[in-house]
Every structure is written in C-alpha cells, then in structure tokens.
4 protein chains.
Amino acid sequence: MLEKIKKIGVLTSGGDAPGMNAAIRAVARSCAYFNLDCIGIYRGYQGLIENDFELLTARSVRNVINRGGTFLKSARSAEFRTKEGREKAARNLTRAGIDALVVIGGDGTFTGAMLLQQEHGFPVVGIPATIDNDINGTDYTIGYDTALNTVVDAIDKIRDTASSHNRLFLVEVMGRDAGDIALNSGVGAGAEEILIPEEDKGVEQMMYSLEKSRKAGKTSSIIVVAEGEKSGKNIFELADFIGENLEGYDIRVSVLGHIQRGGAPSCYDRVLASRLGVGAIEALLRGESNVMIGITNKIVTSVDFEVAIKEQKPLDKELRRVLNITTV
Amino acid sequence: MLEKIKKIGVLTSGGDAPGMNAAIRAVARSCAYFNLDCIGIYRGYQGLIENDFELLTARSVRNVINRGGTFLKSARSAEFRTKEGREKAARNLTRAGIDALVVIGGDGTFTGAMLLQQEHGFPVVGIPATIDNDINGTDYTIGYDTALNTVVDAIDKIRDTASSHNRLFLVEVMGRDAGDIALNSGVGAGAEEILIPEEDKGVEQMMYSLEKSRKAGKTSSIIVVAEGEKSGKNIFELADFIGENLEGYDIRVSVLGHIQRGGAPSCYDRVLASRLGVGAIEALLRGESNVMIGITNKIVTSVDFEVAIKEQKPLDKELRRVLNITTV
Amino acid sequence: MLEKIKKIGVLTSGGDAPGMNAAIRAVARSCAYFNLDCIGIYRGYQGLIENDFELLTARSVRNVINRGGTFLKSARSAEFRTKEGREKAARNLTRAGIDALVVIGGDGTFTGAMLLQQEHGFPVVGIPATIDNDINGTDYTIGYDTALNTVVDAIDKIRDTASSHNRLFLVEVMGRDAGDIALNSGVGAGAEEILIPEEDKGVEQMMYSLEKSRKAGKTSSIIVVAEGEKSGKNIFELADFIGENLEGYDIRVSVLGHIQRGGAPSCYDRVLASRLGVGAIEALLRGESNVMIGITNKIVTSVDFEVAIKEQKPLDKELRRVLNITTV
Amino acid sequence: MLEKIKKIGVLTSGGDAPGMNAAIRAVARSCAYFNLDCIGIYRGYQGLIENDFELLTARSVRNVINRGGTFLKSARSAEFRTKEGREKAARNLTRAGIDALVVIGGDGTFTGAMLLQQEHGFPVVGIPATIDNDINGTDYTIGYDTALNTVVDAIDKIRDTASSHNRLFLVEVMGRDAGDIALNSGVGAGAEEILIPEEDKGVEQMMYSLEKSRKAGKTSSIIVVAEGEKSGKNIFELADFIGENLEGYDIRVSVLGHIQRGGAPSCYDRVLASRLGVGAIEALLRGESNVMIGITNKIVTSVDFEVAIKEQKPLDKELRRVLNITTV
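Residues numbered from 1 in each chain as written. Chains lettered and ligands numbered in written order. Predicted model: local features only at pLDDT ≥ 70, side-chain atom pairs only at ≥ 80, totals over all residues. Heavy atoms only, no water.

As recorded in an unreviewed UniProt entry, chain A goes by the name ATP-dependent 6-phosphofructokinase, listed as coming from Salinimicrobium catena. In the Subcellular location (unreviewed entry) part of its UniProt record, chain A is described as follows: "Cytoplasm". (UniProt positions renumbered as here; feature names shortened; annotations may be inferred.)

Encoded structure:
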C-alpha cells in the first residue's frame, strides 16, 4: 500500500492560526524530499469541492515560514457538511490523482476529514492548528504559543495605562471552551484573576480577590476573561457588576479580538509546525490514516481523530494554583 | 526674574501617552544640568492639591525612557476644576518652594495650567503629549507616532486573518475629534477606506469604495474607523449597515481600544520628548510662561496656550488624496 | 509632452531599506489610478540591462506594504557604470515602450539616473530610500525611521544586560558618512555618549563623559558608535582603548549590523513611501525629470538630483545639545 | 525541620536571561503566600559576601514580570570561588537569619550553591535560567524561549536583506557548548544549514548543502552558526572559506551578540519562571535541598545539582532530521 502514495493534497480549514504557513511549507518540503507531488488546495474543503488546486514545489513555499495566516486561505463550507459535497470532494481528489490528504486545522476540520475517510476510504491525516489549544491528544496546537505572546504583549501595553491611572481592566481573550489562553496569559501578564469556562465560581472568586487586593491598597489590576466563561454576563455587564458591588475602582474593558489570530509565528510554533508537517507525510508513508499528528512530551505522535475530537482536555490545575500564589 | 527660578515642578495629566516618561526624564535631567531642583508631582493636578511630591534627581529617571505610561501617574481632578482647588494647588506650590511648573498632557491639561497662571500668576509651560495629535501649534504630540505603529502592527495581524478568510474588517481606532490616527494608519496599513470626524460623507464614500472593489473581485478589505466619526452609528451598527446593503462580504469588527495608549515609545517619540523636555526648562529660564513647547518644521517653538487649545487643526488633505490613489 | 507618458518603469537599487515595497506599491497604484502601465524592473540597473521586466498591476502589489526589503530586488551593476551599459539600458527601455523611470534608492542610485537622463534624455525621477538619511533635500529618507526603531529596540535589549551586570557597552550602528542614526538612536536609547563621523573630538569627549559618570558612581552605560566615526580605531580597538585608560569598567561590544536594514516598516515610513510614490508619478505627469521627490517640512517637493547628491547635510546641533543635557 | 524555615534569600547569578525577574517575583510572592520573609540578595554571590541584602515584599516585585534582565543584578565573584569567600557568605546568611537560599542561574551558579551546601550544610535550591538551555534535568531553562524568538526575529530582518540582494548570510548565535539555539532558530527561521558544537562534519555538510542549493538556482541563504561550533574557524574565516571554495555567492556575516540576552520575556518564559519560583519555595518547605527545580514533560520536578551539572544533554536528532527535510 505504501508505494501507492505519489501525490498528496494539503489544505487549511477553520479559523486561521499563526504557523499554518510553516506547516504547509513543511508538508510541501517533505513531499519534495520523498519525491512526492504536493497539491495545495485553496479555501479548505470548499476548494476541494471547487477544484481550486495548485502544485506546490519546494520553491512555492519559500519565505512563508514567518507569515501569519494561511496562504492557502481558509473558508467555511456548508456543502462539505453534506454527503453530496463530500462525494464531490472525493471525486475531485481521485480525478486529480491525489492519493492522500493532509488537513491543517481544529476539531471541525478533523470531523470533516473523518467523514471523508469513513465514507470514501480516503487516507487523511490531520495537523492541529488553532490558537485555542483545545485539541485532545497533543500538548500544543500550532498558533497557541504565538497567540499567548500576542495577548501578553497587549496586556503589557494595557498595564502601562492601568498603572498610570490606577485602573482596573477587564481584558477579554479568546477561548470559547478552553481557558488555556486566559490561564497562561493571566499568569504571564501578572493578572490579578481570571475567568474561564472550566470554573463555575469565577465571579465570586474574582470579587473576593478584588476585595482583598483593594483592602491591601492595590488600585490597578488586570482581570483576564475567556470569551467562553460561564457567568452568563458579557464583559461589559461584568464591568458594571463589579462597579456596582465594589467601590473605589475605575473600571475599563478591552476586547482583544482578532489580533490574537495574526502575526508572525513564534519560534516555537514554527518548529512545532515543521515537526508536525514532516510527521504527517511520514505517517502517510507508513500507511497511517484517520489520525492527527500531535506532540506529547516533545515526541511526535499519532492520535486517532476520534480521540482528538471527543475528549475534553482538563484544566491545568497546578498552573491555576501558581496563579493564586503569585497574585497574593 | 530669571534668577528667581530654583525649583521646578513637573506633572503628567490627562490620558497617558508613550513618551511621557521620556519627557519627565528630560525635564529632570535639564533641571540637573542647569542646577535646579526638580519636584515630581504624582497623579497630575490631584497630586498638586494633595501635596503628593517627590524630589527627582538625574538618577531617579534612569531606565524610564523606554517605558510606556507615566511613572508620575495621571488622574482626573474634579477639585482642580474649582477655584478653591486651584488656590490650594497654588498654595502648595509656594509652600514647597516651587517657582515654576511643567505640565505634560493635552488640551485639558493646558486649560488647567492657564487658569493657574491667570489666577495666581504662577509660571507654567506645557508639553503636548497625547496619542491623538489633536493639539494646535505643534506638528506632533508625544505618543502619536508610537500609537500609529501600534495600530499598524495590530492591523497587520488582522489582515493576516482578513486575507486568509476573505473578510471585511472594520477596525476602530482612537480619535474623538481628529482623524489623524485613522488617516495615517489607514494609509500605513493599506486600508481600503477610512471614516473620520472631519468628513461628513464618509459612509457614502465607503459604500462606494466597497462596491467598486467588490466588483473588481476584492473580497478582503480593511476599513479604519475613528471613534469620533460622524455617521451616528457605532461600529457594530456600521457593520450591520454594510451587511444589509452590500452582498458578498463576511464582515467582522475589531475595536483596538486601550492597547493604543501603551507600549515602549518609538524612537521618534523618545527624541521628541527629549527635545521638548529640554525646551520646556529652557523656556522657563528665558522667562516664558503660559506657553506650550511644540515642534514645527523640526524646530522647537513656543505657542501660547490659548492658541494650542482653541484652534482646530485642519485635516491633511494631501494625505487623504494619497489614500484615495493608493487604494485604487 | 505630457501626453507622451503611457508606461512607467520602476526599480529599486542600492542597499535595501524598509518601506521600499510601500514605495513600489504607491508607484504601481498611482499608475493604475492615472491609467498608465507600470513595469517592475528586477535587480535594479542590472535588470534594466538584462530586460528583467514584469507588468505590475494594482493587484501585483497587494500585501506588500508591510514587508521589509524589496520584492523587485536590488543589485550592484558594474555594467551600468559604463557608457555601454547605460546605452543598453536606454535601448531596452525604449524597446519595451517605457516612457519614464522611477528609481528608488540613495545617492548612487540617483547618480546612475542622472547619467541616463544626461546621455539619453530619458525622463527619470528618484525616491530617496536608505536607512542612513544621508540625502540632501529631503528631511527624511524611506527606511530611516524604521531603522531608528530597530536600533532603539536592540539597545533596549542590550541595556537589560548592561544594567544587570553593571557593564559598559559599545554599540555600533550604521552610518558611514552621517551620524543621524547614531545621534537619534543615542538620544532615544538614553545612551551616555555617541561617536559620529561629523565630529573630530569624539573619543576625547567620550572619555571625559565616562570619567565623569564613573565618578558619579555610574557603572553601566551605552556608547553608540556610528560605523563611519573618525577615531581611526575600529570598535574593538575602541573598547580596548577605554579599558586601558579607564579603570572600573566591564566593557562589551555589539555590532548591530544587518538587522538594521530589515523588518516591517514603521507607519511613518509607509506613509512617507506612499506620499513619495504618488508624488513621483505626479511629477512625471507634470513633465518633471532629473529630480528627487523628497519631503521638506511635511510638504512633498522636487529637488534636482545634483542638489540631492552633492550637498552634505549638516549635523542637527540642537539635538546634539539635547543629548549632552539629558545624559547629565 | 520544616518549621525552621522562616526567611529565604534569593539571588541571580551568571549571565542574565529574560524571565529572571519573573522568577524572583514568583519566589517573593510564594514567600508572602506562605508567610515567609524574602530577602533579595544583589549582585549574586558577590552580594552575599558583601551583605548587599534587601527585604522583598509582594509589593517590591510589582511590574517586573515583563522586564528583561534581573533587577537583583548579577556579577561574577572570584571571592566566592574560594573557601574563605564561601565561609563569609555562610556567615552573612546566618547573621541575617536566612534559613535557605534560592539561586537562579546556570551550571556555574549551581556549582557554587552545591559547595555552599556541602561545606556549610546550608539549604539551597536552584532555578535554571540561561538562554542556552544547556542544563540537564530540565526540558527548558528560563530565557531560552525568549532568546529563540529574538533570534528568529533578527533573522527574519536579515532575510529581508538577503533575499533583496541574493545574498548568503552567516548568522552567529549564542551557544558555547550546546547547539539548541542554533538548531531551533535554524528550523524556525528557515535556515539552509546550521553549524553546531555537537557535530564534527558541520563544514563539509554545509558546503555540500550550499553546493546543492546553488545548483538548484538558490542564491540567497541563511546559515546559522553556534558560537561554539567546532570548525576551528571563526565566523569571518568561515565566510572567507566559503567564498574561496564556492563561486557565485555574495557573502555577509552577522553576529547577533548580546541582544539575545535581553528583551521582555515571552509568555512561555514568564509562566515557566512562575512555576519554578513557586516550585522552589515549596521544595524548600518540603525539606528538599541541593536540588534544581526543573520542568520535565510539563511537570515541575527536583533534580540533584550533581545531575543538573554533570550530564551533557544530547542533541535533538529528530529535529536535526526535520531541518534536513524542510530545507530540501
């Protein structure tokens, strides 16, 4: 079966993440190294349906390793969510002589890949790339480290203002289901408290922390709020709530938003993307399919898509404790 | 009169701006150079009323030139807006043996200084520091250049996502009365269009530009929106308005917010702050008062507070034209 | 004569500078705006001789405004320095139907352009782009502001180490004939002293400053050295010289080198490049030739190549004084 | 024995690394959390000998988490290398009522700590902080991740110039005994080849790679050279060697130098420093001594100083392979 693979397609799908280009580059370079053709598929699964293909040589991917976003672009595809859409995609792949597919993205991306594999027996491996780090079976996803640096850099700037004016800032960061960005950037930025999806009593804990630090004479603070936290209030309502229940704070809100997805990838994300891109091609050459190539304890590993998608990553409780201690 | 000045107070007031610390440093170092005492006043005019003073030596300002915010802190002072408050302030200055005052901030700061001078004959000079660049009589205010770099860097990140997903982004930047940040960062970031307070037909012009570029096949674009633009819609309403009136755009909003005020100052802002800080002390030593020390055509100049505050800066029409041409 | 211009060539030559891409973009976009064809010429004058041409549309220059370097590349051309080489170049231009040329670079670039104009009557305008800011007739050259930020950012990093270890650092920056980078980054980085080509007694002054500050108990300092300073010693010899003549300093050397030429351009450089690119096309359309398009007191102006090349810019003495005062 | 610890000293020693301040902060905050006194010792072991002590409260370490360098400063101490010096140090510790010591630095720092423990039974734990990542028993040292980002950012800038001019750049990075920085930044920056201390045939391999890529038409390349590589040539001699043996390359050298040690720490380094700082205090409270607190597979662990110092870390061969593949 191994000798069958001569041509490999690669696409990026879902929200873009810094390092996606480095992953595409590693895929294309690995193909060149192993004498395989590499076909870039534009706009994710939608491009698969619309035959938006282009040959990628080792040269095509020069000078992309340091660029944010994805030059193959990404898009949502309603059509690919239908059985007919996936049939069309499989037909296009076969017609183009593509033997296997590398998909770069998050759990939505892997779900699509799994269906393609199940329904059409098409060999697919996935590479986890999302700033949220919410994929099971890999310690890190591509883009996460860069996003943390972007967030911490932004909060450093906000703190200049916070401490110049003795203000309390609520800073909203990404993370719909996972508090990893909030927790790590909260520790890294020296935040007072965090609100995350994994915790129920976040608001009470926050009010308690603020009360305590106000009594200690602290008047400028940063609270990092994950967008998916569970208080039922949006960040502006949270600011009002604090203002109504605690005196002596001049409160401001900052929603970091889309800047978190962009920027030149960090060295870590480029190295990770390079490892996983090479790993994906080698996995396909070993005959693997239906797996995500992740990193666990610094080792490149294969994990079934089912595992990557279904399981929920637990919160890093030790780091939660470190936050509590260092904001004393 | 000149020989009377032996001790000079310095404070920062209003919104903080990168480079304020560099200006304080230059004031303190100039005092040391001319054998004057320098007294740092904390929390702006409020600290003046509350005697929140500290001696600043040449050493006190080591390693602050590169820091955002203001280590003297800034605050609003309702009390200083009253005649009684200013009396108290003048009394405190006299009691502390302070002969003259340097105030670093924007037009609100200068208005306060003017009243102190008028009511109590207290010598004051101002240094323009605000990211908005909305002060008349100076080509640049301290902090503006840094804010432009911060905005352009943020939009570069957003564009990574915009072009990966073929999206239209509305990016809100600071500028309540002046479109300088929006216009310059719009040109610098390669934005499609801008909405600014100085223009009435902004929305029509924007819809026209978008229509034109959509027809030309462009599907990802950036619109830079100054917070004080005059459409009567907030940025989310603007996004809805575009969505309702133009098909084919996937629209997102990003409000850059407070990150624009922080960060290490650019080289230009540090040099400008150093020039103006030296200029302020030299102006006081020459016997000047009631003036702002600004920069015009690369020359440090004095401008009456009245002029700095009252006149409105015109929009840079040549640059507006450059934007129109380069987004063709 | 004006109606003759239908097709304009553009090239970059000499050392690359951040913002060159923004200038090319503005040239190409202005051509599109005025319905002219724009021809990109690769590798400077060498590409002119070798017919290395490509049509640049408004689209060709998307997403280049934020990139360092020059996508048209730059090269030295020994052949263009000969009369025969320039004849060949002129022939190629005519054969390609190019009516006028925009050259982006420094004084070497303009000298070449002047000869092409003199010998073949070919219309040429220049855009000043060099990190050294050593062109007469323009307040700023493209790339200079970015280089200053890069230098100041690097020295901020070095100061972390300098003050952690109580060390004296000699930092070499670019500037063969002009001390602008050293003087401005010296002020911006809070350096103790500078050594620049424009001053003869630099070393004596430096030793005096160091002696004074050592007596004042200062043990960590930064000296910024322009590569073209006139002591006759290279920077390592300077370090030895200080070590031999002053006790109590732990001395280190850092040569910043080529990082000063690269990086995403600052907002100022992008705006300047956009202004000058538009200005160059408009000058050609007005029938101008043999001029550099520069900026003076915020106004875009034309200056004869002869003036741009021959005259030497004087040192900014006021800023020298600011440095002396603020390092007291 | 546990109840004996009431007062803990902390110092930084050896080359400074970004994140040292974050580690000091975590130590001071953990002491506050566990109701212990924390004594900051200035200038490493030299300050221990000279009684250069200061009480650190939770407040003392506000706003230091984002600063490069070490506010406790670092210094070499010839005296501490003598038995007498260490005796003096132990005496000073006892006299100040300090029960245990946290030392932050590299292997030289740990060797000193080990001797203090052996000769005087003084409880000491270490925190690994060095940009070189050359400590055994921890996956990462504090400062390494930041240094990688600094290097990659610098090479990105150099590549702007390299590809604008079709040049070959040799870039020297830190790493006297370990090639980790060179290997990781080489992969991250998309370098053509690396020269590292762990490999003997580096130069041959490099010449082979260059020969191959020149034949493939590539004319701009980056070679990353660790300062401790084993060719016996310095980097300028290497450049000459390439120039003499391979035609067609325009070669330049850049020595990144001390900028690699400075700068605001990355989020990863701040989080790591926070974890290890907390871990160090908790280890002391558990009664541990003579150990380094490191991180292995994301778990905070204790490793005997002997192990941390003596063993040599092996090269990451998988990553070496990834480099070979991705530069095809």
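Next comes the rest of the description.
A. Representation of the overall build of chain A. Looking only at helices and strands, one finds eleven helices and eleven strands in chain A. Against the compact-globule benchmark of 20 Å for 328 residues, chain A has a radius of gyration of 22 Å, which places it among compact chains. For chain A, the C-alpha atoms occupy an extent of roughly 70 × 35 × 35 Å along the three principal directions. The proportion of buried residues among the 328 residues of chain A is 63%. For chain A, contacts bridging at least 24 residues in sequence account for 74% of all contacts bridging at least 6. Total accessible area on chain A stands at roughly 11,400 Å², and carbon and sulfur atoms take up 47% of it. In chain A, 39 side chains carry a positive charge and 44 a negative one; their mean positions are 5 Å apart. (Helix = DSSP H or I, 4+ residues; strand = E, 2+ residues; numbered from the N terminus. Rg over C-alpha atoms; globule rule 2.2 N^0.38 Å. Buried < 20%, exposed > 50% of the residue type's maximum accessible area, 1.4 Å probe, protein only. Contact = heavy atoms within 4.5 Å. Areas by Shrake-Rupley, 256 points an atom, 1.4 Å probe, with all protein chains shown as cover. Lys, Arg positive; Asp, Glu negative; His and termini not counted. Charge placed at Lys NZ, Arg CZ, Asp CG, Glu CD.)

B. Spotlight on the interface of chain C and chain D. Taken together, the contact between chain C and chain D spans 31 residues of the former and 31 residues of the latter. In this assembly, chain C packs against chain D so that about 2,300 Å² is buried in total across both faces, 50% of it on carbon and sulfur atoms. Counting across the chain C and chain D interface gives zero salt bridges. The interface formed by chain C and chain D includes 14 residue pairs in polar contact (both at pLDDT 80 or more). For the side of chain C that touches chain D, the secondary-structure elements that each account for two or more residues are α5 (144–165), β6 (167–173) and β9 (250–255) of chain C. It is α5(C) that contributes the most residues to the side of chain C that touches chain D, nine residues altogether. Residue classes in the side of chain C that touches chain D are distributed as seven nonpolar, 16 polar and eight charged. (Buried area = accessible area lost by both parts, 1.4 Å probe. Salt bridge = Lys/Arg side-chain N within 4 Å of Asp/Glu carboxyl O. Polar contact = N/O pair within 3.5 Å; in protein donor to acceptor, adjacent residues only side chain to side chain. Nonpolar A, V, L, I, M, F, W, Y, C, P; charged D, E, K, R; others polar.)

C. Geometry of the UniProt feature "domain: Phosphofructokinase" (unreviewed entry) in chain A. When the UniProt feature table is mapped onto this chain numbering, "domain: Phosphofructokinase" (unreviewed entry) sits at residues 7–284 of chain A. Secondary structure across residues 7–284 of chain A comprises 44% helix and 17% strand; the distance between its end C-alpha atoms is 11 Å.

D. Geometry of the pattern of salt bridges. Summed over all chains, the structure comprises 76 salt bridges over all chains. Between A:R320 and A:E193 there is a salt bridge whose closest N-O contact spans 3.2 Å. Placement of the pair is A:R320 in helix α11 (residues 317–326) and A:E193 in strand β7 (residues 193–195), with a sequence separation of 127 residues. Across this residue pair, the class does not change: A:R320 and A:E193 are buried. Between C:E282 and B:R321 there is a salt bridge whose closest N-O contact spans 2.6 Å. Residue C:E282 is located in helix α9 (residues 267–285), and its partner B:R321 is located in helix α11 (residues 317–326); the two belong to separate chains. One connected set of salt bridges, linked through shared partners, spans A:R43, A:E50 and A:D52.

E. Representation of the relation of the copies chain C and chain B within the structure. The two copies are related by a screw motion: chain C maps onto chain B through a turn of 180° and a shift of 0.0 Å along the axis, at an RMSD of 0.0 Å. Put plainly, the chains are arranged around a two-fold axis. If distances are taken from each C-alpha of chain C to the rotation axis, the shortest is found for C:N297, at 2.4 Å. Interface residue correspondence from chain C to chain B reaches 100%, placing this contact among same-surface, isologous pairings. (Least-squares fit on C-alpha atoms with pLDDT ≥ 70 in both.)

F. Local environment of the confidence of the model for chain A. When the pLDDT values of chain A are averaged, the result is 94; 99% of them are 70 or greater. Under the prediction, the complex receives an ipTM of 0.96, its pTM being 0.96. (pLDDT = per-residue confidence, 0-100.)

G. Here's a closer look at the packing of helix α7 (residues 202–215) of chain A against helix α8 (residues 235–245) of chain A. Residues and elements named next belong to chain A. Between α7 and α8, whose axes approach to 12 Å, the crossing angle comes to 45°. Judged by the angle between their axes, α7 and α8 are oblique. Handedness of the α7/α8 crossing: right-handed. Only L238, F241, I242 and N245 of α8 make contact with α7, whose side of the interface consists of V203, M206, M207 and L210. (Axes fitted to C-alpha atoms, helices over the stretch in contact; angles between N-to-C directions. Parallel < 35°, antiparallel > 145°, perpendicular 65-115°, else oblique. Left-handed = near helix turned anticlockwise from the far one by under 90°.)

H. Region of interest: the sheet that holds strand β9 (residues 250–255) of chain A. Residue and element names in this part refer to chain A. A sheet is described by the order of its strands in space; here four strands give the open sequence β7-β8-β6-β9, paired in parallel fashion. The open sheet has two free edges, formed respectively by β7 and β9, since each of these has just one partner strand. The sheet shows a mean angle of 20° between the axes of neighbouring strands, taken without regard to direction. Of the pairings in the sheet, the one linking strand β6 (residues 167–173) to strand β8 (residues 221–226) comprises six bridges and is parallel in character. Bridge pairing in β8 places V171 opposite V224. On top of the sheet, α7 reaches β6, β7 and β8; it is set at about 165° to β7, its chief contact. Across the sheet, α8 is in contact with β6, β7, β8 and β9; its angle to β9 comes to roughly 170°. (Pairing = 2+ DSSP bridges.)

I. Here's a closer look at the interface of chain C and chain B. Of the residues lining the interface, 54 residues belong to chain C; the matching set on chain B comes to 54 residues. Both faces considered, chain C and chain B share a buried interface measuring about 4,400 Å² in area, 51% of it formed by carbon and sulfur atoms. For chain C, the biggest contributors to the area lost against chain B are C:C267, C:I325 and C:T326; these three give 13% of the whole. Linking chain C with chain B are ten salt bridges, by the criterion used here. The interface formed by chain C and chain B includes 18 residue pairs in polar contact (both at pLDDT 80 or more). At the level of secondary structure, the elements contributing two or more residues to the side of chain C that touches chain B comprise α1 (20–33), α5, α6 (180–188), α9 and α11 (317–326) of chain C. The element contributing the most residues to the side of chain C that touches chain B is α9(C), with eight residues.

J. Spotlight on the nonpolar core. Of all hydrophobic cores here, the largest spans 143 residues; its most connected members are A:V102 and B:V102. Counting 142 residues, the second-largest nonpolar core is a separate cluster that includes C:V102, C:V151, C:I194 and D:V173. (Core = buried A, V, L, I, M, F, W, Y, C linked by side-chain atoms within 4.5 Å.)

K. Broad picture of helix α5 (residues 144–165) of chain D. Residue and element names in this part refer to chain D. Compared with an ideal rise of 1.5 Å per residue, which puts 22 residues at 32 Å, α5 spans 31 Å between its outermost C-alpha atoms and is within 8% of the ideal. Most of α5 sits out of view: 21 of its 22 residues are buried. Of the residues trailing α5, N166 is marked for its positive phi of about 55°. (Expected span 1.5 Å × (residues − 1).)

L. Region of interest: the relation of the copies chain C and chain D. When chain C is brought onto chain D, the operation consists of a screw motion whose angular component is 180° and whose axial shift is 0.0 Å, with 0.0 Å RMSD remaining. An overlap of 100% is found between the interface residues of chain C and their copies at the interface of chain D, pointing to a shared contact surface.

M. Just the pairing of β8(A), in detail. Residues and elements named next belong to chain A. Counting buried positions along β8 yields six of six residues, so the element is predominantly enclosed. Going residue by residue along β8, you find S221, I223 and V225 tucked away on one face and I222, V224 and A226 tucked away on the opposite face as well. At this point the chain moves from β7, through α7, to the parallel β8, and the crossover so formed is right-handed. (Right-handed = clockwise from strand over helix to strand, strands pointing away.)

N. Inspection of the domain arrangement of chain A at higher detail. All names here are of chain A. You can read the domains of chain A as domain 1 (7–143 + 265–310) and domain 2 (144–260). Of note, the centres of domain 1 and domain 2, computed from C-alpha atoms alone, are 34 Å apart. Taken together, the contact pairs 14 residues of domain 1 with eleven residues of domain 2. Of the roughly 880 Å² buried between domain 1 and domain 2 on both sides combined, carbon and sulfur atoms contribute 55%. When the area that domain 1 buries against domain 2 is broken down by residue, the three leading residues are I131, D132 and N133, summing to 51%. (Domains from an automatic or database assignment.)

O. Examining unusual backbone geometry more closely. Positive phi is not limited to glycine here, since C:N166 has a value of about 55°. Structurally, C:N166 is set in the loop between α5 and β6. At D:K73, a position not held by glycine, the phi torsion is positive, near 60°. Checked against the element boundaries, D:K73 lands in the loop between β3 (53–55) and α3 (83–95).

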